[in-house]
Structure formats: structure tokens, C-alpha cells
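# What the coordinates show
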Amino acid sequence: MTQMIPTGSREDEIQIYDLHKSFGAVEVLKGISLTVHRGEVVCVIGPSGSGKSTLLRCVNLLEAPTKGRIFIINQEITDPDADVDHLRTQMGMVFQQFNLFPHLTALKNCTIGQTAVKKIDKAKADSIARENLEKVGLGDRADAFPAQLSGGQQQRVAIARALSMDVEMILFDEPTSALDPELVGDVLAVMRDLAASGMTMMVVTHEMAFAREVADRVIFMDDGMVVEEGPPDQVIGNPQHERTRTFLQRVLDPTHVRPGEEDEAYARRHAKRRAREEAALNDPGLPRHF
């Protein structure tokens, strides 16, 4: 039976078909196809350079795919005629580096999108923002500027900002990677509560304990491809692919890696990519960024 694209089901909130992304001669994503269902928490794990963040950025078109189709609640965001701004209002994005406006208070960071994009009046926007700051444990810091907040608090403001836009789903791009270890727990606790509330979440993360506890499904990526996916007890607890097992051994038990072994493994995995990069640098007709 021929697959319907898109499926037409309201339960299939993110649909990705044969997604490719190249920067010059370097192919970063190599034919990714997956679906994220309504209320599902999908954690994407894998080594640095595997294409995880690029995949996430393609979902809301912060990066334009080279090939492939992406649907947000059955509307194609990759269609040249798509109302991309409207589709983006359906999904929040939480970045590694918070991306708060430094000159605005926590409250105003949470209201500016509501008033500027959704045209909500200021009083209602303030009420929504305060409610969501309370949800992330920062009701008493509404008038603080980002510089007056810790990294963990800033990231929680970023989550409150996404919630204030009344989104259907949130994309998280390694939301704890820039935080001090002591601050990670508060952010993960907020994300855990969001998952329990039924929020659709696609999370790029190195937090294996969080993925194992909270995810409905874990996707392991390497070299721009999905190597393995399934329930966390399977992918993290009993991986079937040798590459997945090697990655998890190094992440979960890093003290038993021989010095230099990771560098050697990385070099082997990315030898072809380096060759393509060198070729691109020698070709004046190709862009110089990857």
C-alpha cells in the first residue's frame, strides 16, 4: 500500500520524509524519515557532528533542507508557498544559549512574542506570561533581567517564553549543555513536568538519564542517519547496533576509554566528510561554511 504523505492524522504532529541537508559538499543529513506523534517525547541522541541539531533546525526551517519534505500538523512547512511564520507559531524552540533579549525583563521576554506576533493585548499577555513563569518556578523573578539570572533560570525563562505562545510542541536543542552541573536538575524537572502534561517534545540531548526516564522513544543518530530507534529501555538499555553500543559505553562509562581512542574513532567515522570538506575548500565555486 502506498504511504499517504502527509498521513492526514491529527496525531502525527511532525512528519519528516527523506530529509537531506548539505553545506557545500558536506552532506549533514542523509535521508531522515520519522514521525513525532501528539503528546510524544522523542529524544535524539548521538555524537557531536551527527546532525542532531541540524535536524531540529530544519523542522522549523531555521535551516532550509536541501531535499525532503516536512509537515507540521499535516501542513507542509517546506512548501515554497507555505506560511512559515504561521506554522512556527505552532512550535516553540529552546536553544542551547537561551537567546533571551538582554534588555528585556523575564516578563517582557515572555510577552513580546504574544503582542508582536499573535497580537494579544498587553494585559492578557502579561497574565499568560506570569502564569508560565510560575510554572517554571520563576514567578518571583518576572522583573529580573537576564544578566541577573543564573543560566538555569534563563533557560527556564526560555521555556516559559515558548509556553506563552500557546504552542502545540516544543523543540529543545541540548537545553542543558551550556549549564553548570548544579543547575541542570531544575531545567530537567521543568521538562519532565511538561512531558507529564502531554506536551509534544522533540529533544536533542546528552542527558541519558533524562532520555531513559522521560522519553517515549529514543533516536540514535550518527553521520547524518538514524542508526537505531525505539523505546528507551531498548535503545539505551539494550542497543542492537554496534555503533549505538560503542557510543553509550563512552557516554555512560567514560573513564574506561583508552586515551586517544575517541579521537581515533572520530577520525575513522569522519574521514570521508573531511575529504569532502577539503575538496570544497579547494573549489572556489562552493561556499566556505559547513
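Use the structure listed above.
A brief report on the enclosed structure follows. Quick caveat: nothing in here was measured; it's all calculated off a predicted structure. (Residues numbered from 1 in each chain as written. Predicted model: local features only at pLDDT ≥ 70, side-chain atom pairs only at ≥ 80, totals over all residues. Heavy atoms only, no water.)

## Some words on the environment of Ala-125
Structurally, Ala-125 can be placed in helix H4 (residues 122–135). Overall, Ala-125 belongs to the buried group, its relative accessible area being 0%. For the pair Ala-125 and Met-165, spaced 40 residues apart in the sequence, the C-alpha separation amounts to 9.4 Å. In contact with Ala-125, not counting residues within four places along its chain, are Thr-111, Gln-114, Thr-115 and Ile-120. (Helix = DSSP H or I, 4+ residues; strand = E, 2+ residues; numbered from the N terminus. Buried < 20%, exposed > 50% of the residue type's maximum accessible area, 1.4 Å probe, protein only. Contact = heavy atoms within 4.5 Å.)

## Some thoughts on the sheet that holds strand E10 (residues 225–230)
Spatially, six strands are ordered E6-E7-E8-E3-E9-E10 in an open sheet, and the strand pairing comes out mixed. The open sheet terminates on both sides in strands that have one partner only, identified here as strand E6 (91–94) and E10. The average undirected angle you get between the axes of adjacent strands in this sheet is 15°. Bridging between strand E3 (residues 41–45) and strand E9 (residues 217–222) involves four bridges; their strand directions are parallel. Along E9, the bridge assignment pairs Val-44 with Ile-219. Packing of helix H1 (residues 52–59) onto the sheet brings it into contact with E3, E6, strand E7 (169–173), strand E8 (200–204) and E9, and relative to E8 it is tilted by some 145°. Packing of helix H6 (residues 181–196) onto the sheet brings it into contact with E3, E7 and E8, and relative to E8 it is tilted by some 145°. (Pairing = 2+ DSSP bridges. Axes fitted to C-alpha atoms, helices over the stretch in contact; angles between N-to-C directions.)

## A word on the environment of Phe-172
Among the secondary structure elements, Phe-172 is positioned in strand E7. Sequence separation between Phe-172 and Val-204 is 32 residues; the distance between their C-alpha atoms is 6.0 Å.

## Examining the packing of helix H3 (residues 106–116) against H4
The N-to-C vectors of H3 and H4 enclose an angle of 130°; their axes lie 9 Å apart at closest approach. If you check the angle between H3 and H4, you find them oblique. Like other packed secondary-structure pairs, H3 and H4 cross with a definite hand, here right-handed. Residues Ala-106, Leu-107, Cys-110, Thr-111, Gln-114 and Thr-115 of H3 lie in contact with H4, whose contacting residues are Lys-122, Ala-125, Asp-126, Ile-128, Ala-129, Arg-130 and Leu-133. Residue classes in the contact of H3 with H4 are distributed as seven nonpolar, three polar and three charged. (Parallel < 35°, antiparallel > 145°, perpendicular 65-115°, else oblique. Left-handed = near helix turned anticlockwise from the far one by under 90°. Nonpolar A, V, L, I, M, F, W, Y, C, P; charged D, E, K, R; others polar.)

## Observations concerning the nonpolar core
Among the nonpolar cores identified, the biggest contains 48 residues, and Leu-133, Ile-159, Ile-170, Phe-172, Met-191 and Met-201 are the most heavily contacted of them. Ignoring any residue separated from it by four or fewer positions in sequence, one finds Leu-133 in contact with Ala-106, Leu-107, Cys-110, Leu-138, Gly-139, Ala-142, Val-157 and Ala-160. Residues Val-42, Leu-55, Leu-87 and Met-91 belong to the second largest nonpolar core, which totals 28 residues. (Core = buried A, V, L, I, M, F, W, Y, C linked by side-chain atoms within 4.5 Å.)

## Some details on the sheet that holds strand E5 (residues 75–76)
Hydrogen bonds between backbone groups are what pair the strands of a sheet, and the pairing can be parallel or antiparallel. Strands sit in the order E2-E1-E4-E5 across an open sheet of four strands; the sheet is antiparallel. The two strands at the open ends of the sheet, each matched to only one other strand, are strand E2 (26–37) and E5. In this sheet, strand E4 (residues 67–72) lies alongside strand E1 (residues 12–23) in antiparallel orientation, the contact comprising five bridges. Within E4, the position partnered with His-20 by the bridge is Lys-67. Packing against the sheet, H1 makes contact with E1, E2 and E4, and its axis sits at approximately 120° to E1.

## Digging into unusual backbone geometry
A cis amide bond links Ile-5 to the next residue, Pro-6, at an omega of -5°. On the secondary structure map, Pro-6 appears in the segment before E1. You will see that Asp-166, though not glycine, has its phi angle at about 55°, which is positive. Asp-166 sits in the exposed class, given a relative accessible area of 61%. Positive phi, normally seen in glycine, also occurs at Asp-223, with a value near 55°.

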